[in-house]
Amino acid sequence: TSGVDIPLYSLNSRFTVIVFWSPDCGHCKKEMPKIESFYPELQQLGAEVYAVYSEDEFDKWKTWLRGHKYPWINVCNAKGTEQYQLKYNVDQTPMIYLLDKNKIIFGKKINIEQVPGIIKDRIKYEESKSSLNISTSWCTNNVIKHNTDITPVNSIIINTILLYPFLLCIIL
């Protein structure tokens, strides 16, 4: 309600929870207090909530926000220039999307109860992927040294090595 533009891409959080909602929506009135109760946990997981008002009655929206004082970022399409309904296929409210730090969607059309678990799974996935990259790099640098004579069979072996570096390290 401050009149300051806060573009989605300006957020530096590890994860972003986008909530498309409206104070006139009965389901939203039930979901927003749940989101508020999950907010501290979401912050601990590195997530920020970016709530997007989906209608165009801005005075009604501002009045609602003044009465509810949500702790997260609340935005609207006051200028009418954003086409988020098309970009995010918003055909109902509330609608929740999860984005990673690069603003790539990895969860959509989910409820708030699912969000912490999905984020925790994503963190585990990213950590395992990071561990795999370190192992792949180590094995590649220490085992496959500048092999310029790669035949199709060798290529398959190298691809397998890159996909399964732990196996390679144990065998060697």
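Here, the structure is the one placed above.
Here the structure is a predicted model, which means the values were calculated and not measured.

Asks: How do you make sense of helix H1 (residues 26-44) when you look at a structure like this?
Replies: Residue pairs three or four apart in sequence face the same way in an α-helix, which turns once every 3.6 residues. With 19 residues, H1 should cover 27 Å at 1.5 Å per step; its first-to-last C-alpha distance of 29 Å lies within 8% of that length. Bending of H1 peaks at approximately 45° at the position of phenylalanine 38, with proline proline 40 no more than four residues after it. Those residues of H1 lying buried are Cys28, Glu31, Met32, Ile35, Tyr39 and Leu42. Positive backbone phi, approximately 90°, marks glycine 46, located one or two places after H1.

Asks: Looking at this model, I keep getting lost on the environment of methionine 32. Mind explaining?
Replies: Relative to the assigned elements, methionine 32 resides in helix H1. Of the residues examined, methionine 32 reaches a relative accessible area of 1% and is grouped as buried. Taking C-alpha positions, methionine 32 is 9.7 Å from alanine 51, a pair spaced 19 residues apart along the chain. Leave out the neighbours within four places in its chain, and methionine 32 touches Val19, Trp21, Tyr70 and Trp72.

Asks: So what exactly am I meant to see when it comes to the packing of aromatic side chains here?
Replies: Each aromatic ring pair is described using two quantities: the centre-to-centre distance and the angle formed by the ring planes. All told, the structure shown has 9 aromatic pairs when counted by the stated rule. Pairing phenylalanine 20 with tyrosine 88 gives two aromatic rings, centres 5.5 Å apart and planes at 45°, and the pair type is tilted. Of this pair, phenylalanine 20 sits in strand E1 (residues 15-21) while tyrosine 88 sits in the loop between helix H3 (84-87) and strand E4 (95-99); the two residues are 68 residues apart in sequence, bridging distant segments of the chain. Owing to a relative accessible area of 1%, phenylalanine 20 belongs among the buried residues under this scheme. Look at tyrosine 88 and you get buried, because its relative accessible area is 13%. A centroid spacing of 5.5 Å and a plane angle of 75° characterise the contact between tyrosine 88 and tyrosine 97, whose relative ring orientation is edge-to-face. In this structure, arginine 122 is placed above the aromatic ring of phenylalanine 106, and the distance from its NZ or CZ to the ring centre is 4.6 Å.

Asks: When you look at the pairing of strand E5 (residues 105-110) in this model, what are you seeing that I'm missing?
Replies: A regular strand places its side chains on the two faces of the sheet in alternate fashion. Pairing analysis gives 4 bridges linking E4 to E5, with the strands arranged antiparallel. Each bridged residue has a counterpart across the sheet, and for isoleucine 96 the counterpart in E5 is isoleucine 110. Counted between consecutive antiparallel strands, the loop separating E4 from E5 contains 5 residues, among which lysine 103 sits at a positive phi close to 65°.

Asks: What should I look at first to understand the pattern of salt bridges in this one?
Replies: Pairs may arise between side chains of opposite charge once their charged atoms sit close together. Taken as a whole, this structure holds 8 salt bridges when the rule is applied. Between arginine 14 and glutamate 126 there is a salt bridge; the shortest N-O distance is 3.0 Å. Residue arginine 14 is found in the segment before E1, and its partner glutamate 126 is found in helix H4 (residues 115-143); the two are separated by 112 residues along the sequence. Judged by its relative accessible area of 25%, glutamate 126 is partly exposed. One salt bridge connects arginine 122 with glutamate 126, and the closest N-O pair in it is separated by 3.3 Å. Note that arginine 122 and glutamate 126 are positioned in helix H4 at a spacing of 4 residues, about one turn of the helix. Sharing partners across several salt bridges, the network here consists of Arg14, Asp100, Arg122 and Glu126.

Asks: Explain the nonpolar core to me, please; I cannot follow it from the model alone.
Replies: For soluble globular proteins, nonpolar side chains are generally found buried alongside one another. If you look at the biggest cluster of nonpolar residues, it comprises 26 residues, and the most contacted ones within it are Val17, Trp21, Val115 and Ile119. Elements with a contribution of two residues or more to this core: E1, H1, strand E2 (47-53), helix H2 (58-68), E4 and H4. Those residues in contact with valine 115 that sit more than four places away from it in its chain are Val17, Leu42, Ile96, Leu98 and Ile110. Membership of the second largest hydrophobic core comes to 14 residues, among which are Leu8, Leu11, Val52 and Met95.

Thresholds, definitions, all that
Residues numbered from 1 in each chain as written. Predicted model: local features only at pLDDT ≥ 70, side-chain atom pairs only at ≥ 80, totals over all residues. Heavy atoms only, no water. Helix = DSSP H or I, 4+ residues; strand = E, 2+ residues; numbered from the N terminus. Expected span 1.5 Å × (residues − 1). Bend = angle between axes of the 7 residues up to and from the residue. Buried < 20%, exposed > 50% of the residue type's maximum accessible area, 1.4 Å probe, protein only. Contact = heavy atoms within 4.5 Å. Phe/Tyr/Trp six-rings, centres within 6.5 Å; stacked < 30°, edge-to-face > 60°. Lys NZ or Arg CZ within 6 Å of the ring centre and 35° of its normal. Pairing = 2+ DSSP bridges. Salt bridge = Lys/Arg side-chain N within 4 Å of Asp/Glu carboxyl O. Core = buried A, V, L, I, M, F, W, Y, C linked by side-chain atoms within 4.5 Å.

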